[in-house]
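A look at the structure
Residue-level listing of the chains:
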Amino acid sequence: MIADLILVHFNQIFAPHDLGHPLYGAEMREADIIEDGYIAIKDGKILAIGSGQPDNELIGPATQIKAYNGKIATPGIIDCHTHLVYGGSREHEFAQKLNGVPYLEILAQGGGILNTVRATRQADFDTLYDKTKRLLDYMLLHGVTTVEAKSGYGLDWNTEYRQLEVAQALNKDHTIDLVSTFMAAHAIPPEYQGRSKEYLDLIVNDMLPLVKGQNLAEFCDIFCEKGVFTADESRYLLEKAKKLGFKLRIHADEIASIGGVEVAAELQTTSAEHLMMATDQGMEELSKAHVIGNLLPATTFSLMEDTYAPARKMIEKGMAITLSTDSNPGSCPTANMQFVMQLGCFMMHLTPIEVLNAVTINAAYSVNRQETVGNFDKGKEADISIFDAPNIDYCFYFFATNLIHQVYKTGQLVVDQGRLTDK
Ligand code: NIG
Ligand code: FE
(Lines give C-alpha, C1' and ligand atoms only; values in the text may rest on other atoms or scores of the structure.)
(Ligands and ions follow the chains in the order given, each with its own letter.)
Protein backbone atom coordinates (compact mmCIF):
# COMPACT_ATOMS: atom_id res chain seq x y z
CA MET A 1 0.00 0.00 0.00
CA ILE A 2 1.20 3.52 -0.80
CA ALA A 3 1.75 6.04 2.01
CA ASP A 4 0.61 9.67 1.93
CA LEU A 5 3.50 10.71 4.13
CA ILE A 6 6.67 9.05 5.39
CA LEU A 7 8.75 10.50 8.20
CA VAL A 8 12.26 9.12 7.79
CA HIS A 9 15.66 9.01 9.46
CA PHE A 10 14.63 9.46 13.07
CA ASN A 11 17.66 8.80 15.24
CA GLN A 12 15.33 6.56 17.28
CA ILE A 13 11.68 5.63 17.33
CA PHE A 14 10.23 4.41 20.60
CA ALA A 15 7.76 1.68 19.61
CA PRO A 16 5.88 0.10 22.52
CA HIS A 17 4.34 -3.35 22.28
CA ASP A 18 0.60 -3.83 22.40
CA LEU A 19 0.20 -7.32 23.86
CA GLY A 20 -3.58 -7.07 24.03
CA HIS A 21 -3.44 -5.96 27.67
CA PRO A 22 -1.58 -3.27 29.63
CA LEU A 23 2.11 -4.03 30.13
CA TYR A 24 2.47 -5.66 33.52
CA GLY A 25 5.58 -5.82 35.67
CA ALA A 26 8.63 -6.92 33.69
CA GLU A 27 6.74 -6.39 30.41
CA MET A 28 7.16 -2.67 31.05
CA ARG A 29 10.90 -3.05 30.42
CA GLU A 30 10.36 -4.13 26.82
CA ALA A 31 9.87 -1.98 23.71
CA ASP A 32 11.35 -1.71 20.22
CA ILE A 33 13.81 1.11 19.81
CA ILE A 34 14.24 1.53 16.10
CA GLU A 35 17.44 3.21 14.95
CA ASP A 36 17.30 5.32 11.77
CA GLY A 37 13.55 4.77 11.90
CA TYR A 38 10.70 5.66 9.59
CA ILE A 39 6.95 5.99 10.08
CA ALA A 40 4.66 5.66 7.06
CA ILE A 41 1.18 7.21 7.30
CA LYS A 42 -1.93 6.72 5.18
CA ASP A 43 -5.31 8.39 5.76
CA GLY A 44 -4.16 9.63 9.15
CA LYS A 45 -3.28 6.13 10.34
CA ILE A 46 -0.05 4.20 10.79
CA LEU A 47 0.73 2.15 7.70
CA ALA A 48 4.18 0.85 8.64
CA ILE A 49 7.24 1.55 10.73
CA GLY A 50 10.74 0.30 10.13
CA SER A 51 14.41 1.09 9.91
CA GLY A 52 16.52 2.58 7.11
CA GLN A 53 15.09 3.12 3.64
CA PRO A 54 11.27 2.64 3.55
CA ASP A 55 10.08 -0.28 1.42
CA ASN A 56 9.54 0.67 -2.23
CA GLU A 57 5.94 -0.46 -2.11
CA LEU A 58 5.19 2.34 0.40
CA ILE A 59 6.33 5.07 -1.97
CA GLY A 60 4.22 6.43 -4.85
CA PRO A 61 4.49 9.60 -6.95
CA ALA A 62 2.45 11.62 -4.46
CA THR A 63 4.11 10.34 -1.28
CA GLN A 64 5.60 13.15 0.77
CA ILE A 65 8.86 12.28 2.52
CA LYS A 66 10.27 14.31 5.42
CA ALA A 67 13.60 13.74 7.15
CA TYR A 68 14.08 13.84 10.93
CA ASN A 69 17.77 13.39 11.49
CA GLY A 70 18.72 14.25 15.07
CA LYS A 71 15.19 13.76 16.39
CA ILE A 72 13.32 10.98 18.16
CA ALA A 73 9.66 9.94 17.89
CA THR A 74 7.24 8.40 20.36
CA PRO A 75 3.52 7.66 20.11
CA GLY A 76 1.49 10.75 21.08
CA ILE A 77 1.79 11.13 24.85
CA ILE A 78 -1.40 10.40 26.82
CA ASP A 79 -2.22 12.31 30.02
CA CYS A 80 -4.63 9.89 31.68
CA HIS A 81 -5.58 11.81 34.84
CA THR A 82 -6.50 15.50 34.89
CA HIS A 83 -8.98 17.79 36.62
CA LEU A 84 -9.01 19.93 33.51
CA VAL A 85 -12.14 22.09 33.60
CA TYR A 86 -12.32 24.63 36.43
CA GLY A 87 -12.82 28.28 37.28
CA GLY A 88 -10.29 30.53 38.99
CA SER A 89 -6.92 29.54 40.41
CA ARG A 90 -5.44 29.07 43.87
CA GLU A 91 -2.14 30.89 44.00
CA HIS A 92 -3.44 32.65 47.13
CA GLU A 93 -3.14 29.29 48.93
CA PHE A 94 0.48 28.99 47.87
CA ALA A 95 1.73 30.99 50.86
CA GLN A 96 -0.20 28.69 53.22
CA LYS A 97 1.36 25.72 51.50
CA LEU A 98 4.84 27.21 51.82
CA ASN A 99 4.15 27.77 55.51
CA GLY A 100 3.46 24.08 55.88
CA VAL A 101 -0.35 24.08 56.19
CA PRO A 102 -1.36 20.58 55.05
CA TYR A 103 -3.50 20.13 51.93
CA LEU A 104 -6.34 18.41 53.81
CA GLU A 105 -6.37 21.14 56.44
CA ILE A 106 -6.85 23.83 53.79
CA LEU A 107 -9.75 21.74 52.46
CA ALA A 108 -11.21 21.24 55.95
CA GLN A 109 -11.19 25.05 56.40
CA GLY A 110 -13.40 25.38 53.32
CA GLY A 111 -10.53 26.22 50.97
CA GLY A 112 -8.73 23.95 48.53
CA ILE A 113 -11.11 22.08 46.25
CA LEU A 114 -14.03 24.02 47.75
CA ASN A 115 -12.42 27.31 46.69
CA THR A 116 -12.33 26.06 43.13
CA VAL A 117 -15.93 24.83 43.46
CA ARG A 118 -17.04 28.38 44.26
CA ALA A 119 -15.13 29.79 41.29
CA THR A 120 -16.37 27.08 38.92
CA ARG A 121 -20.01 27.53 39.94
CA GLN A 122 -19.66 31.22 39.07
CA ALA A 123 -18.00 30.65 35.70
CA ASP A 124 -20.19 30.44 32.60
CA PHE A 125 -19.69 28.01 29.74
CA ASP A 126 -17.58 30.36 27.61
CA THR A 127 -15.26 31.26 30.48
CA LEU A 128 -14.67 27.59 31.28
CA TYR A 129 -14.30 26.72 27.61
CA ASP A 130 -11.65 29.38 26.95
CA LYS A 131 -9.69 28.56 30.08
CA THR A 132 -9.71 24.83 29.37
CA LYS A 133 -8.77 25.37 25.74
CA ARG A 134 -5.70 27.27 26.87
CA LEU A 135 -4.66 24.38 29.12
CA LEU A 136 -5.12 21.95 26.24
CA ASP A 137 -3.01 24.17 24.02
CA TYR A 138 -0.18 24.01 26.58
CA MET A 139 -0.53 20.25 26.78
CA LEU A 140 -0.43 19.81 23.02
CA LEU A 141 2.65 22.04 22.81
CA HIS A 142 4.29 19.64 25.28
CA GLY A 143 3.52 16.61 23.13
CA VAL A 144 0.23 15.37 24.57
CA THR A 145 -2.43 14.15 22.13
CA THR A 146 -5.03 12.44 24.39
CA VAL A 147 -6.25 13.65 27.79
CA GLU A 148 -8.58 12.22 30.42
CA ALA A 149 -10.68 15.01 31.99
CA LYS A 150 -12.65 14.75 35.23
CA SER A 151 -15.54 16.88 36.39
CA GLY A 152 -15.78 17.49 40.14
CA TYR A 153 -15.60 21.23 40.73
CA GLY A 154 -19.36 21.71 40.56
CA LEU A 155 -20.70 19.29 43.16
CA ASP A 156 -24.14 20.33 41.93
CA TRP A 157 -25.83 19.12 38.79
CA ASN A 158 -25.76 22.36 36.78
CA THR A 159 -22.07 22.94 37.25
CA GLU A 160 -21.01 19.30 36.87
CA TYR A 161 -23.06 19.25 33.66
CA ARG A 162 -21.38 22.45 32.42
CA GLN A 163 -17.93 20.96 33.07
CA LEU A 164 -18.83 17.81 31.15
CA GLU A 165 -20.32 19.88 28.33
CA VAL A 166 -17.13 21.92 28.07
CA ALA A 167 -15.08 18.73 27.83
CA GLN A 168 -17.44 17.36 25.20
CA ALA A 169 -17.30 20.56 23.13
CA LEU A 170 -13.50 20.68 23.31
CA ASN A 171 -13.27 17.04 22.35
CA LYS A 172 -14.92 18.11 19.10
CA ASP A 173 -13.18 21.46 18.63
CA HIS A 174 -9.65 20.85 19.90
CA THR A 175 -6.92 18.72 18.36
CA ILE A 176 -6.49 16.77 21.60
CA ASP A 177 -8.91 13.88 22.16
CA LEU A 178 -10.64 13.99 25.52
CA VAL A 179 -11.95 11.09 27.58
CA SER A 180 -14.50 12.22 30.17
CA THR A 181 -14.77 11.05 33.75
CA PHE A 182 -17.67 12.01 36.00
CA MET A 183 -16.35 12.89 39.46
CA ALA A 184 -19.09 14.69 41.35
CA ALA A 185 -17.74 12.71 44.34
CA HIS A 186 -14.62 14.88 44.50
CA ALA A 187 -15.56 16.59 47.78
CA ILE A 188 -18.60 17.03 49.97
CA PRO A 189 -20.36 20.22 48.88
CA PRO A 190 -20.74 22.91 51.57
CA GLU A 191 -24.53 22.52 51.54
CA TYR A 192 -24.15 18.80 52.38
CA GLN A 193 -21.49 19.09 55.12
CA GLY A 194 -21.95 16.21 57.54
CA ARG A 195 -24.43 14.55 55.17
CA SER A 196 -22.14 12.78 52.74
CA LYS A 197 -24.48 9.80 52.34
CA GLU A 198 -27.28 12.12 51.21
CA TYR A 199 -24.96 13.74 48.70
CA LEU A 200 -23.93 10.33 47.39
CA ASP A 201 -27.58 9.41 47.00
CA LEU A 202 -28.10 12.56 44.98
CA ILE A 203 -25.24 11.51 42.72
CA VAL A 204 -26.50 7.95 42.45
CA ASN A 205 -30.19 8.66 41.96
CA ASP A 206 -30.16 11.90 40.01
CA MET A 207 -26.80 12.64 38.43
CA LEU A 208 -25.42 9.27 37.30
CA PRO A 209 -28.49 8.37 35.19
CA LEU A 210 -28.43 11.81 33.52
CA VAL A 211 -24.72 11.55 32.71
CA LYS A 212 -25.24 8.07 31.31
CA GLY A 213 -28.40 9.01 29.42
CA GLN A 214 -26.61 11.82 27.62
CA ASN A 215 -23.42 9.87 27.22
CA LEU A 216 -21.44 12.65 28.91
CA ALA A 217 -18.78 10.48 30.55
CA GLU A 218 -17.25 7.07 30.13
CA PHE A 219 -15.70 6.71 33.59
CA CYS A 220 -16.83 7.41 37.15
CA ASP A 221 -14.29 8.36 39.85
CA ILE A 222 -14.37 9.20 43.58
CA PHE A 223 -11.92 10.79 46.04
CA CYS A 224 -11.52 8.08 48.71
CA GLU A 225 -9.61 10.04 51.34
CA LYS A 226 -9.53 10.91 55.01
CA GLY A 227 -12.12 13.64 55.60
CA VAL A 228 -13.62 13.19 52.14
CA PHE A 229 -15.29 9.86 51.17
CA THR A 230 -14.75 6.61 53.09
CA ALA A 231 -14.00 3.25 51.50
CA ASP A 232 -17.59 2.10 52.17
CA GLU A 233 -18.97 5.22 50.52
CA SER A 234 -16.63 4.72 47.58
CA ARG A 235 -17.76 1.11 47.18
CA TYR A 236 -21.41 2.21 47.33
CA LEU A 237 -21.02 4.80 44.57
CA LEU A 238 -18.77 2.77 42.30
CA GLU A 239 -20.97 -0.33 42.50
CA LYS A 240 -23.96 1.73 41.38
CA ALA A 241 -21.95 3.36 38.61
CA LYS A 242 -20.73 -0.02 37.42
CA LYS A 243 -24.31 -1.29 37.21
CA LEU A 244 -25.18 1.67 35.01
CA GLY A 245 -22.33 0.79 32.66
CA PHE A 246 -19.63 3.25 33.72
CA LYS A 247 -16.02 2.17 33.75
CA LEU A 248 -14.39 2.93 37.07
CA ARG A 249 -11.42 4.76 38.52
CA ILE A 250 -10.71 5.70 42.14
CA HIS A 251 -8.47 8.22 43.90
CA ALA A 252 -6.92 5.95 46.54
CA ASP A 253 -4.07 6.12 49.04
CA GLU A 254 -3.17 9.69 48.02
CA ILE A 255 -2.62 11.22 51.44
CA ALA A 256 -3.88 8.56 53.85
CA SER A 257 -4.44 4.85 53.26
CA ILE A 258 -8.10 4.27 54.17
CA GLY A 259 -9.15 1.27 52.09
CA GLY A 260 -9.64 2.69 48.60
CA VAL A 261 -7.18 0.16 47.20
CA GLU A 262 -9.26 -2.74 48.52
CA VAL A 263 -12.34 -1.25 46.87
CA ALA A 264 -10.41 -0.92 43.59
CA ALA A 265 -9.33 -4.56 43.74
CA GLU A 266 -12.77 -5.78 44.73
CA LEU A 267 -14.58 -3.93 41.93
CA GLN A 268 -11.71 -4.37 39.47
CA THR A 269 -11.68 -0.69 38.60
CA THR A 270 -9.73 0.14 35.46
CA SER A 271 -7.25 2.10 37.53
CA ALA A 272 -6.43 3.23 41.05
CA GLU A 273 -4.99 6.72 41.10
CA HIS A 274 -2.24 8.35 43.18
CA LEU A 275 -1.25 5.44 45.50
CA MET A 276 1.39 7.51 47.25
CA MET A 277 0.73 5.63 50.50
CA ALA A 278 0.16 2.18 48.97
CA THR A 279 1.11 -0.73 51.23
CA ASP A 280 2.72 -4.01 50.17
CA GLN A 281 -0.54 -5.81 50.65
CA GLY A 282 -2.43 -3.16 48.70
CA MET A 283 -0.05 -3.44 45.77
CA GLU A 284 -0.41 -7.22 45.77
CA GLU A 285 -4.18 -6.94 45.68
CA LEU A 286 -4.06 -4.45 42.82
CA SER A 287 -1.66 -6.67 40.95
CA LYS A 288 -3.90 -9.72 41.33
CA ALA A 289 -6.99 -7.78 40.27
CA HIS A 290 -5.18 -6.29 37.24
CA VAL A 291 -5.95 -2.75 38.33
CA ILE A 292 -3.64 -0.23 36.65
CA GLY A 293 -1.69 1.96 39.09
CA ASN A 294 -1.94 5.52 37.86
CA LEU A 295 0.83 7.53 39.50
CA LEU A 296 1.07 11.31 39.73
CA PRO A 297 4.57 12.31 40.84
CA ALA A 298 4.11 16.01 40.08
CA THR A 299 1.38 16.04 42.76
CA THR A 300 3.82 14.70 45.34
CA PHE A 301 6.30 17.34 44.17
CA SER A 302 3.74 20.12 44.32
CA LEU A 303 2.43 19.05 47.74
CA MET A 304 6.09 19.18 48.82
CA GLU A 305 5.93 15.66 50.17
CA ASP A 306 8.62 13.02 49.92
CA THR A 307 6.20 10.12 49.65
CA TYR A 308 6.41 9.34 45.95
CA ALA A 309 4.31 6.32 45.04
CA PRO A 310 6.45 3.15 45.26
CA ALA A 311 6.55 2.63 41.51
CA ARG A 312 9.51 0.24 41.48
CA LYS A 313 7.82 -2.01 43.99
CA MET A 314 4.62 -1.98 41.97
CA ILE A 315 6.47 -3.16 38.89
CA GLU A 316 8.23 -5.84 40.96
CA LYS A 317 4.85 -7.01 42.14
CA GLY A 318 3.64 -7.31 38.56
CA MET A 319 1.45 -4.22 38.32
CA ALA A 320 0.90 -2.14 35.19
CA ILE A 321 1.55 1.51 35.89
CA THR A 322 0.89 4.80 34.14
CA LEU A 323 2.02 8.34 34.93
CA SER A 324 -0.02 11.50 34.46
CA THR A 325 -0.12 15.15 35.47
CA ASP A 326 -3.20 15.31 37.74
CA SER A 327 -3.37 18.82 36.25
CA ASN A 328 -5.58 20.82 38.63
CA PRO A 329 -5.55 24.25 40.30
CA GLY A 330 -4.61 22.97 43.77
CA SER A 331 -2.46 19.92 44.29
CA CYS A 332 -0.82 20.08 40.86
CA PRO A 333 -1.04 23.19 38.73
CA THR A 334 0.90 22.10 35.65
CA ALA A 335 0.29 21.05 32.06
CA ASN A 336 3.74 19.61 31.47
CA MET A 337 3.80 15.84 30.99
CA GLN A 338 7.52 15.93 30.21
CA PHE A 339 8.24 17.09 33.74
CA VAL A 340 6.01 14.32 35.10
CA MET A 341 7.89 11.77 33.00
CA GLN A 342 11.21 13.09 34.28
CA LEU A 343 10.00 12.88 37.88
CA GLY A 344 9.17 9.25 37.08
CA CYS A 345 12.90 8.73 36.53
CA PHE A 346 14.35 11.16 39.08
CA MET A 347 12.02 10.49 42.00
CA MET A 348 10.60 7.02 41.32
CA HIS A 349 13.68 5.51 39.72
CA LEU A 350 11.84 4.23 36.69
CA THR A 351 13.83 3.78 33.49
CA PRO A 352 13.07 5.90 30.40
CA ILE A 353 11.59 2.83 28.70
CA GLU A 354 9.28 2.11 31.65
CA VAL A 355 8.16 5.73 31.71
CA LEU A 356 7.51 5.83 27.98
CA ASN A 357 5.51 2.60 28.14
CA ALA A 358 3.58 4.11 31.06
CA VAL A 359 2.54 7.25 29.16
CA THR A 360 1.76 5.59 25.83
CA ILE A 361 0.45 2.04 25.66
CA ASN A 362 -0.45 1.67 29.34
CA ALA A 363 -2.08 5.09 29.43
CA ALA A 364 -4.10 4.12 26.35
CA TYR A 365 -5.43 1.07 28.20
CA SER A 366 -6.19 3.16 31.26
CA VAL A 367 -8.49 5.45 29.22
CA ASN A 368 -9.90 2.65 27.08
CA ARG A 369 -8.34 3.96 23.85
CA GLN A 370 -6.04 0.97 23.20
CA GLU A 371 -7.81 0.16 19.94
CA THR A 372 -6.90 3.51 18.40
CA VAL A 373 -3.79 4.95 20.10
CA GLY A 374 -0.87 4.12 22.39
CA ASN A 375 1.59 2.60 19.94
CA PHE A 376 2.55 2.39 16.26
CA ASP A 377 0.70 -0.79 15.28
CA LYS A 378 -0.67 -0.66 11.74
CA GLY A 379 -4.12 0.95 11.65
CA LYS A 380 -3.74 3.01 14.83
CA GLU A 381 -4.05 6.80 14.56
CA ALA A 382 -0.86 8.51 13.47
CA ASP A 383 -0.41 10.46 16.73
CA ILE A 384 3.31 11.17 16.99
CA SER A 385 5.36 13.27 19.41
CA ILE A 386 8.72 14.29 17.99
CA PHE A 387 11.43 15.44 20.40
CA ASP A 388 14.44 17.56 19.67
CA ALA A 389 16.69 14.92 21.20
CA PRO A 390 19.35 12.65 19.72
CA ASN A 391 18.17 9.62 21.69
CA ILE A 392 15.46 8.59 24.13
CA ASP A 393 17.57 9.00 27.26
CA TYR A 394 18.23 12.64 26.37
CA CYS A 395 14.50 13.43 26.86
CA PHE A 396 14.90 12.57 30.54
CA TYR A 397 18.47 13.71 31.09
CA PHE A 398 17.79 17.24 29.81
CA PHE A 399 14.97 18.07 32.15
CA ALA A 400 12.30 20.70 32.77
CA THR A 401 12.57 22.12 29.26
CA ASN A 402 10.01 21.61 26.53
CA LEU A 403 11.88 19.43 24.02
CA ILE A 404 8.97 19.00 21.60
CA HIS A 405 9.95 19.73 18.01
CA GLN A 406 6.72 18.71 16.28
CA VAL A 407 3.49 16.86 16.98
CA TYR A 408 1.30 14.98 14.51
CA LYS A 409 -2.31 14.20 15.33
CA THR A 410 -4.00 11.67 13.03
CA GLY A 411 -1.27 12.35 10.49
CA GLN A 412 -1.64 16.15 10.53
CA LEU A 413 1.16 18.44 11.67
CA VAL A 414 -0.37 20.28 14.65
CA VAL A 415 2.72 21.59 16.46
CA ASP A 416 5.74 22.91 14.63
CA GLN A 417 8.77 24.28 16.47
CA GLY A 418 7.01 25.54 19.55
CA ARG A 419 3.82 26.75 17.85
CA LEU A 420 0.39 25.35 17.15
CA THR A 421 0.01 25.19 13.37
CA ASP A 422 -3.55 26.60 13.44
CA LYS A 423 -2.44 29.82 15.13
O1 NIG B 1 -6.07 14.53 42.51
N2 NIG B 1 -7.27 14.47 45.12
C3 NIG B 1 -8.23 15.10 44.73
N4 NIG B 1 -8.23 15.88 43.71
C5 NIG B 1 -7.10 16.47 43.15
C6 NIG B 1 -6.84 17.79 43.74
C7 NIG B 1 -7.83 18.77 43.33
C8 NIG B 1 -7.59 20.14 43.88
O9 NIG B 1 -6.81 20.35 44.82
O10 NIG B 1 -8.25 21.05 43.33
C11 NIG B 1 -5.93 15.51 43.20
O12 NIG B 1 -4.92 15.76 43.85
FE1 FE C 1 -6.61 13.72 40.89
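Presented here is an overview of the structure given in this document. (Residues numbered from 1 in each chain as written. Chains lettered and ligands numbered in written order. Predicted model: local features only at pLDDT ≥ 70, side-chain atom pairs only at ≥ 80, totals over all residues. Heavy atoms only, no water.)

Things to note about the overall build of the chain
- From N to C terminus, the chain includes 15 helices and 17 strands.
- The C-alpha radius of gyration computed for the chain amounts to 21 Å, which stays within 12% of the reference 22 Å derived for 423 residues, consistent with globular compactness.
- Counting only C-alpha atoms and orienting by the principal axes, one finds that the chain spans roughly 70 × 45 × 45 Å.
- For the chain, the residues scored as buried account for 60% of the 423 residues in total.
- For the chain, the computed accessible surface area is about 16,000 Å², with 50% contributed by carbon and sulfur atoms. (Helix = DSSP H or I, 4+ residues; strand = E, 2+ residues; numbered from the N terminus. Rg over C-alpha atoms; globule rule 2.2 N^0.38 Å. Buried < 20%, exposed > 50% of the residue type's maximum accessible area, 1.4 Å probe, protein only. Areas by Shrake-Rupley, 256 points an atom, 1.4 Å probe, with all protein chains shown as cover.)

Some details on the pattern of salt bridges
- Per the stated rule, a full pass over the model turns up 21 salt bridges.
- In this structure, Lys150 and Glu148 form a salt bridge, with 2.8 Å as the shortest nitrogen-oxygen distance. In this structure, Lys150 and Glu148 share a single accessibility class: buried.
- What you see here is one network of salt bridges that share partners, running through Glu148, Lys150, Asp221, Arg249 and Glu273. (Salt bridge = Lys/Arg side-chain N within 4 Å of Asp/Glu carboxyl O.)

Regarding the site of ligand 1
- Surveying the vicinity of ligand 1 reveals 15 residues, the closest of which are Tyr103, Tyr153, His186, Glu254 and Ser331.
- Taking His83, its side chain carries an N or O atom lying 3.2 Å from an oxygen atom of ligand 1.
- At 2.5 Å from an oxygen atom of ligand 1 is found a side-chain nitrogen or oxygen belonging to Ser331.
- Contact with the protein chains removes 100% of the 320 Å² of surface that ligand 1 exposes when unbound.
- Taken together, the residues of the shell around ligand 1 break down into 4 nonpolar, 8 polar and 3 charged. (Near = heavy atom within 4 Å. Polar contact = N/O pair within 3.5 Å; in protein donor to acceptor, adjacent residues only side chain to side chain. Nonpolar A, V, L, I, M, F, W, Y, C, P; charged D, E, K, R; others polar.)

Structural notes on the pairing of strand E12 (residues 292–295)
- Side chains Ile292 and Asn294 of E12 all project onto a buried face; the interleaved residues Gly293 and Leu295 project onto the opposite face, where all are buried too.
- In this structure, strand E11 (residues 271–274) lies alongside E12, joined through 3 bridges in parallel fashion. By the bridge assignment for E12, Ser271 is matched with Ile292.
- Between the parallel elements E11 and E12, the chain passes through helix H9 (residues 280–288) in a crossover that is right-handed.
- As paired elements, E12 and strand E13 (residues 321–323) share 3 bridges and run parallel to each other. Residue pairing across strands places Gly293 opposite Ile321, the latter belonging to E13. (Pairing = 2+ DSSP bridges. Right-handed = clockwise from strand over helix to strand, strands pointing away.)

Concerning H9
- Regarding H9, the residues found buried are Gly282, Met283, Leu286 and Ser287. Buried residues in H9, looked at end-on, bunch into an arc of 135°, giving them a common side. For H9, exposure combined with an orientation more than 90 degrees from the buried face picks out Gln281 and Lys288.
- Its buried side turned inward, H9 meets helix H8 (260–267), E11 and helix H11 (311–316). (Arc of directions from axis to C-beta. Contact = heavy atoms within 4.5 Å.)

Here we look at the sheet that holds strand E7 (residues 144–150)
- One open sheet holds the 8 strands; their spatial order is E6-E7-E8-E9-E10-E11-E12-E13, and the pairing between them is parallel. If you trace the sheet from one side to the other, it starts and ends with strand E6 (77–79) and E13, each paired once. Here the average twist between neighbouring strands, direction ignored, is 25°.
- Against the sheet, helix H4 (residues 125–141) makes contact with E6, E7 and strand E8 (177–185), and its axis sits at roughly 140° relative to E7, the strand it touches most.
- Across the face of the sheet, H8 comes into contact with strand E10 (247–252) and E11 while running at roughly 165° to E10. (Axes fitted to C-alpha atoms, helices over the stretch in contact; angles between N-to-C directions.)

A look at the packing of aromatic side chains
- Under the criterion given, the structure shown has 9 aromatic pairs.
- Seen from their ring centres, Tyr86 and Tyr153 are 6.0 Å apart, and the 75° between their planes marks the pair as edge-to-face. Taken together, the residues span a long stretch of sequence, with Tyr86 in the loop between E6 and helix H1 (94–98) and Tyr153 in the loop between E7 and helix H5 (157–173) at a distance of 67 residues. Neither residue differs from the other here; Tyr86 and Tyr153 are each classed as buried.
- Put simply, the rings of Tyr394, Tyr397 and Phe398 pair up and form one aromatic cluster. (Phe/Tyr/Trp six-rings, centres within 6.5 Å; stacked < 30°, edge-to-face > 60°.)

What about the coordination of the iron ion (ligand 2)?
- Distances from the iron ion (ligand 2) to its protein donors, namely His81 (NE2), His83 (NE2), His251 (NE2) and Asp326 (OD), fall within the range 2.1 to 2.3 Å.
- The sequence pattern formed by the donor residues of the iron ion (ligand 2) is H-x1-H-x167-H-x74-D. You can see His83 sitting in the loop between E6 and H1 and its partner Asp326 sitting in the loop between E13 and helix H12 (337–346), a full 243 residues away along the chain. In this structure, His83 and Asp326 share a single accessibility class: buried. (Donors = N, O, S within 2.8 Å, 3.2 Å for Na, K, Ca; no water.)

Some points on a nonpolar patch on the surface
- There is a patch of nonpolar side chains on the surface, built from Phe94, Leu98 and Met304 and spanning about 310 Å² of accessible area.
- You can see Leu98 is positioned in helix H1. (Patch = residues over 30% accessible without salt bridge, like charges linked within 9 Å, V, L, I, M, F, W, Y side chains within 5 Å.)

Let's talk about the nonpolar core
- Counting residues in hydrophobic clusters, the biggest one holds 118 residues, and the most contacted among them are Ile203 and Leu275.
- Those residues in contact with Leu275 that sit more than four places away from it in its chain are Ala252, Asp253, Val261, Leu286, Gly293, Asn294, Leu295, Ala309, Pro310, Met314 and Met319.
- Within the second largest apolar cluster, 16 residues are counted, among which are Ala15, Ile39, Ile41 and Ile386. (Core = buried A, V, L, I, M, F, W, Y, C linked by side-chain atoms within 4.5 Å.)

Some thoughts on the state of the cysteines
- The full count for this structure, using the stated rule, is 0 disulfides.
- With no disulfide partner, Cys345 has as its closest neighbouring cysteine sulfur the one in Cys395, 10 Å distant.
- Take Cys345: its relative accessible area is 15%, and that puts it in the buried class. (Disulfide = S-S within 2.5 Å.)

Any functional reading would require information beyond the geometric quantities listed.
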